2 protein chains.
Amino acid sequence: MQVQDIPILRYGEANRLSVRTRDEDNAELGPNDVRIAVKYSGINFADVQMRLGQYYDAPPRPFVPGYEVSGVVDAVGSEVERYSIGDEVVAGTYFGGYTSTLVVPAQQVFPLPASTSLAEGAALPVNFFTAYCALFEMGRVREGDRVLIECATGGVGTLAVQMARYAGAEVIGLTTSPDKKAYIEALGARAMTLDEFYADESAANFDFILNASGGRDVKKQMNRLGLCGRIVCIGINASVRDGKKSTLRLLWTALRTPIIPVLALFNKNRGVFGFNGLTVLQDPVWVERLTGKLALIDEMGLRPHVDKIFPAADVAEAHRFLETKQARGKVLIGW
Amino acid sequence: MQVQDIPILRYGEANRLSVRTRDEDNAELGPNDVRIAVKYSGINFADVQMRLGQYYDAPPRPFVPGYEVSGVVDAVGSEVERYSIGDEVVAGTYFGGYTSTLVVPAQQVFPLPASTSLAEGAALPVNFFTAYCALFEMGRVREGDRVLIECATGGVGTLAVQMARYAGAEVIGLTTSPDKKAYIEALGARAMTLDEFYADESAANFDFILNASGGRDVKKQMNRLGLCGRIVCIGINASVRDGKKSTLRLLWTALRTPIIPVLALFNKNRGVFGFNGLTVLQDPVWVERLTGKLALIDEMGLRPHVDKIFPAADVAEAHRFLETKQARGKVLIGW
């Protein structure tokens, strides 16, 4: 059969990405595998870092990036009972998601939540798992908490704001641009620009901070934690600006991402977590545990916000849209 | 009136401590103060570090150490309504607890819990606040968690084991000596010696670790955390051995207490907290919040375990008992 995918062949700017068509042996599925006719592939910021050669967990080139898809089951292995041909599903995959046809073990596949469209489904795995783990597994956010969500308009941040509000927390959401504040407020949070936040020292005493930018913002935000508060760091987005590869900027951000002496934490009475939501997809126990939590999507009335869907042929444009921080919510490519 | 107290005049071994009797002006109480005829003063490991000159938060010499007392109210300020002369109470105090008469603001005073004796009461403030904050404010331990309590026979550890069990966690308690294992098991935990623990790599995948020793054990124990797990460090006891002052050992322990690059936390998906339970006593908002939690003492059926009560005149012996790690639970001095 013919399969289309989007490999990373050489590191560099977005226009190096394009769709490749290849014939794939219609090999037997493993007994526990599911084959999905992919409709949408989610784009993550990590994909941009990968494309720039800045993501050290990535496989050697050439490889196909992508962690999440939605689509329709079009074949199942002999032992798969939970899914049938024609089922609408979502799947997480450790690389390989930028493809029109994905084969994955059944345990990485989830039925599409009832309240979610197929496009919204492709916005779920990485963002939901990251937001869920950061808020409820690491931070264990609860009613009455004061919560700060740094990238409140991004894919994870959008869900995180809604989930923290659902848990009964008081939420401040940050954004780089004033014109995105209304979007954050519509999710039930107080919105501030980063500049407003750093200028206003009364925005402090947080029980939980979700940091996505890394660098020196980590330390600046830690100083806004209350007694027994925690910061969860989920990335170092600050290393990419305007989609240009900049090893210097990556190094600079990494160097400014703080090194925390445990002894110093004693007197501040606080904690710091690092989270890589993508590695969760490597752990079968956690994939299963978190899959069970997908029921919360309906329960919490979460709407993963899909900002824009690009045809697969326009993948370069999709990357540019994300890396220039225009996105409010998820960016997808459609097959 | 005559007051007895135990000041730290010179740093050094335990035998430098002794009771001093002095006349105190019977000054007016502040309108919000409570005066307590102290029956028991709690001894903490921090007091030993202070005596050795190793506790940098301590005031300049001479000063009276001690963070917690129990006793009977014998005078109240004009605006105190909650307490009357004759009430049995517990109080936390930021230094000054090794005394026969303590004057403190009413908000640092708590009624003695119904199920607790006066002696047990003096074992509560620091240990309960530390265990409570570490487990339920920082760690937010919950049902089904895998929990490791390092110093399970100490004052904090004894409470922490009971509280974690009450919360529905599966608990392993560590001790340095095999003959204390039965004591830990009686609290409902699985007991291991430190040697057994480090030799058994299957004792892993913890959601929460309470570390009291600092030094390189922090890193060794961190490697036993599961995905999204956290370690809470509450001290660097490892710096004191046999009550001898050893600046070298303090430095050595401090140097081996890890410095955690936040970037490294990403890939391990874990968190680290530092907690200094004593500084909580400086924060009126938290003192009030935690005082409200003292109802849990009765609710959880917690018994702070008082190991031994020494007469005030034997304070040197009491310190030696604690610093040579003979204690199973709290050590008090009685007035």
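Here goes a summary of the coordinates provided. (Residues numbered from 1 in each chain as written. Chains lettered and ligands numbered in written order. Predicted model: local features only at pLDDT ≥ 70, side-chain atom pairs only at ≥ 80, totals over all residues. Heavy atoms only, no water.)

**Digging into the overall build of chain A**
Here is step 1 of the chain: When helices and strands are tallied, chain A shows 13 helices and 16 strands.
Here is step 2 of the chain: Counting over 335 residues, chain A shows a buried share of 59%.
Here is step 3 of the chain: Pairs at least 24 apart in sequence give 68% of the contacts found in chain A among residues at least 6 apart. (Helix = DSSP H or I, 4+ residues; strand = E, 2+ residues; numbered from the N terminus. Buried < 20%, exposed > 50% of the residue type's maximum accessible area, 1.4 Å probe, protein only. Contact = heavy atoms within 4.5 Å.)

**Side note on the packing of aromatic side chains**
Here is step 1 of the chain: Tallying each qualifying case throughout the model produces 23 aromatic pairs over all chains.
Here is step 2 of the chain: Look at Phe110 of chain B and Phe129 of chain B: their rings are 5.7 Å apart centre to centre, the planes differ by 65 degrees, and that puts the pair in the edge-to-face class. Highlighted residues: Phe110 of chain B in strand β7 (residues 109-111) and Phe129 of chain B in helix α3 (residues 125-138), separated in sequence by 19 residues. Across this residue pair, the class does not change: Phe110 of chain B and Phe129 of chain B are buried.
Here is step 3 of the chain: One aromatic cluster in this structure is built from Phe110, Phe128, Phe129, Tyr132 and Phe136 of chain A.
Here is step 4 of the chain: Lying across the ring of Tyr11 of chain B, Arg61 of chain B places its NZ or CZ 4.1 Å from the centre.
Here is step 5 of the chain: Across from the ring centre of Trp286 of chain B, 4.1 Å away, lies the NZ or CZ of Arg289 of chain B, which sits over that ring. (Phe/Tyr/Trp six-rings, centres within 6.5 Å; stacked < 30°, edge-to-face > 60°. Lys NZ or Arg CZ within 6 Å of the ring centre and 35° of its normal.)

**Observations regarding the pattern of salt bridges**
Residue and element names in this part refer to chain A.
Here is step 1 of the chain: Applying the stated criterion across every chain, the model contains 24 salt bridges over all chains.
Here is step 2 of the chain: Among the ionic pairs, Glu196 bridges to Lys181, the shortest N-O distance being 3.1 Å. Of this pair, Glu196 sits in helix α6 (residues 194-199) while Lys181 sits in helix α5 (residues 181-186); the two residues are 15 residues apart in sequence, bridging distant segments of the chain.
Here is step 3 of the chain: One network of salt bridges, in which partners are shared, links Asp5, Arg20, Arg22 and Glu24. (Salt bridge = Lys/Arg side-chain N within 4 Å of Asp/Glu carboxyl O.)

**Regarding the pairing of strand β12 (residues 225-233) of chain B**
Residue and element names in this part refer to chain B.
Here is step 1 of the chain: In terms of burial, β12 is a largely internal element, nine of the nine residues being buried.
Here is step 2 of the chain: Two elements, strand β11 (residues 206-211) and β12, share five bridges in a ladder whose sense is parallel. What sits directly across from Ile209, in β12, is Ile231.
Here is step 3 of the chain: Following the chain from β11 across helix α7 (residues 217-222) to the adjacent parallel β12, one finds a crossover that is right-handed.
Here is step 4 of the chain: Two strands pair when backbone bridges link them, and β12 and strand β14 (residues 270-274) are joined in this way by five bridges, in the parallel orientation. (Pairing = 2+ DSSP bridges. Right-handed = clockwise from strand over helix to strand, strands pointing away.)

**Let's talk about helix α11 (residues 284-293) of chain B**
Here is step 1 of the chain: For α11 of chain B, every residue scored as buried is listed here: Trp286, Val287, Leu290 and Thr291 of chain B. An end-on view of α11 of chain B places all buried positions within 140 degrees of arc, on one side of the element. Within α11 of chain B, the exposed residues directed more than 90 degrees away from the buried face are Val285, Glu288 and Gly292 of chain B.
Here is step 2 of the chain: Tucked inside the fold, the buried residues of α11 of chain B contact β12 (225-233) of chain A together with β7, α3 and α10 (277-280) of chain B.
Here is step 3 of the chain: Two or three places before Val285 of chain B, at the opening of α11 of chain B, Asp283 of chain B has a side-chain oxygen 3.0 Å from that residue's backbone nitrogen. (Arc of directions from axis to C-beta. Polar contact = N/O pair within 3.5 Å; in protein donor to acceptor, adjacent residues only side chain to side chain.)

**Describing the nonpolar core**
Here is step 1 of the chain: Counting 149 residues, the largest nonpolar core has Phe128 and Met163 of chain A together with Phe128 and Met163 of chain B as the members making the most contacts within it.
Here is step 2 of the chain: Excluding its chain neighbours within four sequence positions, the residues that come into contact with Met163 of chain A are Phe128, Ala131, Tyr132, Leu135, Phe136, Met300 and Leu302 of chain A.
Here is step 3 of the chain: Counting 28 residues, the second-largest nonpolar core is a separate cluster that includes Ile172 and Phe197 of chain A together with Leu225 and Ile231 of chain B. (Core = buried A, V, L, I, M, F, W, Y, C linked by side-chain atoms within 4.5 Å.)

**Structural notes on the pairing of strand β8 (residues 146-149) of chain A**
All names here are of chain A.
Here is step 1 of the chain: Burial along β8 is two-sided: the residues Arg146 and Leu148 and Val147 and Ile149 are all buried.
Here is step 2 of the chain: Pairing between β8 and strand β9 (residues 170-175): four bridges, direction parallel. By the bridge assignment, Val147 is partnered in β9 with Val171.
Here is step 3 of the chain: Since β8 and β9 lie parallel, the crossover through helix α4 (residues 155-166) that links them has a hand, and here it is right-handed.
Here is step 4 of the chain: Here three bridges tie β8 to strand β11 (residues 206-211), and the two strands are oriented parallel to one another. Opposite Val147, over in β11, you have Phe208 as the bridge partner.

**Focus: the environment of Ala134 of chain A**
Residues and elements named next belong to chain A.
Here is step 1 of the chain: Relative to the helices and strands, Ala134 is located in helix α3 (residues 125-138).
Here is step 2 of the chain: Of the residues examined, Ala134 reaches a relative accessible area of 0% and is grouped as buried.
Here is step 3 of the chain: Other than its neighbours up to four places away in sequence, Ala134 contacts Gly139, Phe208, Leu210, Val232 and Ile234.

**Here's the deal with the side chain of Asp33 of chain B**
Residues and elements named next belong to chain B.
Here is step 1 of the chain: Along the chain, Asp33 turns up in strand β3 (residues 33-43).
Here is step 2 of the chain: Buried and without a salt bridge, Asp33 has Arg35 as its closest oppositely charged side chain, separated by 10 Å.
Here is step 3 of the chain: With residues near it in sequence (within four places) discarded, Asp33 still touches Val76, Gly77, Val80, Val103, Val104, Pro105 and Ala106. (Lys, Arg positive; Asp, Glu negative; His and termini not counted.)

**Section: unusual backbone geometry**
Here is step 1 of the chain: Residues Arg61 of chain A and Pro62 of chain A are joined by a peptide bond in cis, for which omega reads -10 degrees.
Here is step 2 of the chain: Residue position: Pro62 of chain A is located in the loop between α1 (45-51) and β4 (68-76).
Here is step 3 of the chain: One non-glycine residue, Asn205 of chain A, adopts positive backbone phi at about 65 degrees.
Here is step 4 of the chain: With respect to the helices and strands, the residue Asn205 of chain A is situated in the loop between α6 and β11.
Here is step 5 of the chain: When its relative accessible area of 48% is taken as the criterion, Asn205 of chain A is described as partly exposed.
Here is step 6 of the chain: The phi angle at Phe95 of chain B is positive, at roughly 75 degrees, despite the residue not being glycine.
Here is step 7 of the chain: Mapped onto the fold, Phe95 of chain B is located in the loop between β5 (88-92) and β6 (101-105).
Here is step 8 of the chain: Looking at Phe95 of chain B, the relative accessible area reads 10%, which means it is buried.

**A closer look at the environment of Asp283 of chain B**
Residues and elements named next belong to chain B.
Here is step 1 of the chain: With respect to the helices, strands and loops of the structure, Asp283 is situated in the loop between α10 and α11.
Here is step 2 of the chain: Looking at Asp283, the relative accessible area reads 25%, which means it is partly exposed.
Here is step 3 of the chain: Measuring from C-alpha to C-alpha, the distance between Asp283 and Gly86 comes to 27 Å, with 197 residues separating the pair along the chain.
Here is step 4 of the chain: Within the local environment of Asp283, its side chain forms a polar contact with the backbone nitrogen of Val285, the two atoms lying 3.0 Å apart.

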